[in-house]
Amino acid sequence: MGETWTTADIPDQRGRVAVVTGANTGLGYETAKALAESGASVVLAVRDVGKGERAAAGLTGDVSVQALDLTSLDSVRTAAAALRSRFDRIDLLINNAGVMYTPKRTTRDGFELQFGTNHLGHFALTGLLLDLMLPVPGSRVVTVSSTGHRIRAAIHFDDLHFERSYGRAAAYGQSKLANLMFTYELQRRLAAHGTTVAVAAHPGMSSTELVRNTPAALRLPLTWLAPLITQTPAMGALPTLRAATDPAVLGGQYYGPGGRYEVKGHPRPVTSSPQSYEPALQQRLWAVSEDLTGVRFPVRPGQRPVSAGPSGVR
């Protein structure tokens, strides 16, 4: 396929089950819409069930709603159990939901909000559902990152939850860098199975409500510049959709807009920051994430995940 990949290139998705987090609005909604229109059975996994049901009512196809609050590991476990009771297979898990540039806050489990929501919540959900994916040929875990993984970004192992000093951009960058490190380490662990693959994507600059917490000093300039530097949520969802459905996609790839600086354009494979590819950092983050969430991933088809409960913030 060329560099003008669109939703028209999505293969027939009939018979496939797709779970999309944060699918009641923005990029998640557009992702769910395209998958449902292509024949998939789509689950909108959302924090606000009412908003999810209103979103589902506007979609065509087999669409349902599942309550999921990524800021609560109890909610993640409850959602995973509910999905396991409904489905004996999952073909696509789209880890799309996220928060950006929030004031200093913590999740219900005491994690810094952006790291807890964007990374740890999705880490736990993936681990709790992965055994439903491992036997399914062509199944994929797609995790949505951001160009923000390059901005003031590092994994602050000595202060993961920014308890000593908090910066919105640094916390967001850490969470989005974690999304990529998680994807690359997950793919390394999946490679031996030959069925499920892990892929990452980013939307470029898309006009969604995710930027509602942008500092006031930047809000007005961004409003003026928006027509020049942003694209619609439908365009922003294309990298995720290509990562999820293009038969040519390989595990461990990263998809983003193909235009200059990856801000806008049709999706293509892109590269992430050098530190995101560091195996030692990926493996250290994985171990910490298991410890914090209490979730141990299955390592082979037929094995069930282990959820021992989180160890708490440390």
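Within each chain, residues carry numbers counting from 1 in the order of the written sequence. In view of the model being predicted, local features appear only for residues whose pLDDT reaches at least 70, and side-chain atom pairs are presented and counted only at 80 or more, with totals across whole chains, interfaces and linings using the full set of residues. Derived side-chain values reflect all non-hydrogen atoms in the structure, with water molecules and hydrogen atoms excluded from consideration.

1. Considering the overall build of the chain
Summing up its helical and strand segments, the chain has nine helices and 10 strands in all. The atom set for the radius of gyration is the C-alpha atoms, and the globule formula is 2.2 Å times the number of residues raised to the power 0.38. For 314 residues, the compact-globule estimate of 2.2 N^0.38 gives 20 Å, and the C-alpha radius of gyration of the chain, at 18 Å, lies within 12% of that figure. The dimensions of the chain, computed from C-alpha atoms along their principal axes, are 50 × 45 × 40 Å. Counting only residues that meet the buried cut, the chain has 55% of its 314 residues in that class. Only heavy atoms matter for contacts: two residues are in contact if any of them lie within 4.5 Å across the pair. Within the chain, residue pairs in contact and separated by at least 24 positions form 71% of the contacts whose partners lie at least 6 positions apart. Split by element, the accessible area of the chain, about 12900 Å² in all, is 54% carbon and sulfur. The chain carries 32 positive and 25 negative side-chain charges, and their two centres are separated by 3 Å. Each helix is a run of DSSP H or I of at least 4 residues and each strand a run of E of at least 2, with the numbering of both proceeding from the N terminus. Each residue's exposure class comes from its accessible area (1.4 Å probe, protein chains only) as a fraction of the maximum for that residue type: buried when under 20%, exposed when over 50%, partly exposed otherwise. For accessible areas, the Shrake-Rupley method is used with a probe of radius 1.4 Å. Any residue's cover is judged against the shown protein chains and nothing else. When charges are counted, Lys and Arg contribute as positive and Asp and Glu as negative, whereas His and the chain ends are disregarded. For the purpose of locating charges, the reference atoms are NZ of Lys, CZ of Arg, CG of Asp and CD of Glu.

2. Describing the packing of aromatic side chains
Given two aromatic rings, one states the distance between the centres and the angle between the planes to describe the pair. In this scheme Phe, Tyr and Trp rings, the latter by its six-membered ring, pair at centre separations within 6.5 Å, and the angle between planes marks the pair as stacked below 30 degrees, edge-to-face above 60, and tilted otherwise. The final tally for this structure, using the stated rule, is nine aromatic pairs. For the ring pair Phe162 and Tyr166, a centre distance of 6.0 Å and an interplane angle of 85° mean the geometry is edge-to-face. Ring pairing ties together the aromatic residues Phe123, Phe182, Trp286 and Phe297, which thus form one cluster. Lysine NZ or arginine CZ positioned within 6 Å of the ring centre and within 35 degrees of the ring normal marks a charge as sitting over the ring. The lysine or arginine in question, Arg284, covers the ring of Phe157, its NZ or CZ lying 4.0 Å from the ring centre.

3. Concerning a positive patch on the surface
Only residues whose relative accessible area exceeds 30% and that form no salt bridge are eligible for patches; like-charged ones are grouped when within 9 Å, while nonpolar side chains (Val, Leu, Ile, Met, Phe, Trp, Tyr) are grouped when within 5 Å. For this document, the term salt bridge refers to a Lys or Arg side-chain nitrogen within 4 Å of an Asp or Glu carboxyl oxygen. On the surface, Arg47, Lys51, Arg54 and Arg105 cluster together into a positively charged patch. Mapped onto the elements of the fold, Arg47 is located in the loop between β2 (41-46) and α2 (49-57). According to the relative accessible area criterion, Arg47 is exposed, its value standing at 62%.

4. With respect to the side chain of His202
Summarising the element assignment, His202 is placed in the loop between β6 (197-201) and α6 (216-229). Residue His202 is classed as buried on the basis of its relative accessible area, which comes to 0%. Any pair of nitrogen or oxygen atoms within 3.5 Å is treated as a polar contact; in protein, a donor-acceptor pairing is required on top of that, and neighbouring residues in sequence qualify only through side-chain atoms on both sides. Reaching out from His202, the side chain makes a polar contact with the backbone nitrogen of Gly204 at a distance of 3.0 Å. For His202, the residues in contact, after removing those within four places along its chain, are Ser145, Ser146, Thr147, Pro239, Tyr254, Tyr255, Gly256, Pro257, Glu262 and Val270.

5. So, the sheet that holds strand β7 (residues 254-257)
Any two strands between which DSSP finds at least two bridges are classified as paired. If you trace the eight strands from one edge of the open sheet to the other, you get β3-β2-β1-β4-β5-β6-β7-β8, paired in mixed fashion. Two strands lie at the open edges of the sheet, namely β3 (63-67) and β8 (267-269), each paired on one side alone. Strand-to-strand, the axes of this sheet are offset by a mean angle of 20°, without reference to chain direction. Axis definition: a line fit to C-alpha positions, over the contact stretch in the case of helices; interaxial angles, taken between N-to-C directions, run 0 to 180 degrees. The sheet strands contacting α2 are β2 and β3, and the helix crosses β3 at an angle near 170°. The strands that helix α5 (residues 168-190) touches are β4 (92-95), β5 (140-144), β6 and β7; relative to β6, the one it contacts most, it runs at about 160°.

6. Some details on helix α1 (residues 26-37)
With 12 residues, α1 ought to run about 16 Å at 1.5 Å a step, and its terminal C-alpha atoms sit 17 Å apart, in line with that. Listed as buried for α1 are Leu27, Gly28, Tyr29, Thr31, Ala32, Ala34, Leu35 and Ala36. Expected span of a helix, by definition, is 1.5 Å for each gap between consecutive residues, and there is one gap fewer than residues.

7. Description of the pattern of salt bridges
Under the definition given, this model contains 13 salt bridges. A salt bridge links Arg304 to Asp131, with the shortest nitrogen-to-oxygen separation between them at 3.7 Å. Taken as a pair, Arg304 in the loop between β9 (295-296) and β10 (306-307) and Asp131 in the loop between α4 (113-129) and β5 lie far apart in primary sequence, 173 residues in all. For Arg164, the salt bridge is made with Asp158, and the minimal N-O distance between the two is 3.1 Å. Here Arg164 falls in the exposed class, since its relative accessible area comes to 60%. In this structure Asp158 comes out as exposed when scored by relative accessible area, which is 57%. When salt bridges that share partners are traced, they join Arg16, Arg89 and Asp91 into one network.

8. Thoughts on the confidence of the model for the chain
Averaged over every residue, the pLDDT of the chain is 91; the share at 70 or more is 90%. Within a predicted model, pLDDT stands for the predictor's per-residue confidence, ranging from 0 to 100. Under a pLDDT of 50 for its full length, residues 217-226 has, in the predicted model, four contacts with residues more than four places off or in other chains.

9. Quick notes on the pairing of β6
In terms of residue burial, β6 counts as a mostly covered element, since five of its five residues are buried. Residues Val197, Val199 and Ala201 point to one face of β6 and Ala198 and Ala200 to the other, with burial holding for every one of them. Two elements, β5 and β6, share five bridges in a ladder whose sense is parallel. Bridge pairing links Arg140 to Val197 in β6. With α5 bridging β5 and its parallel neighbour β6, the resulting β-α-β unit is right-handed. One ladder, built from two bridges, connects β6 with β7; its direction is parallel. Its bridge partner being in β7, Ala200 is matched across the sheet by Tyr254. Call a crossover right-handed when, viewed with both strands pointing away from you, the route from the first strand across the helix to the second goes clockwise.

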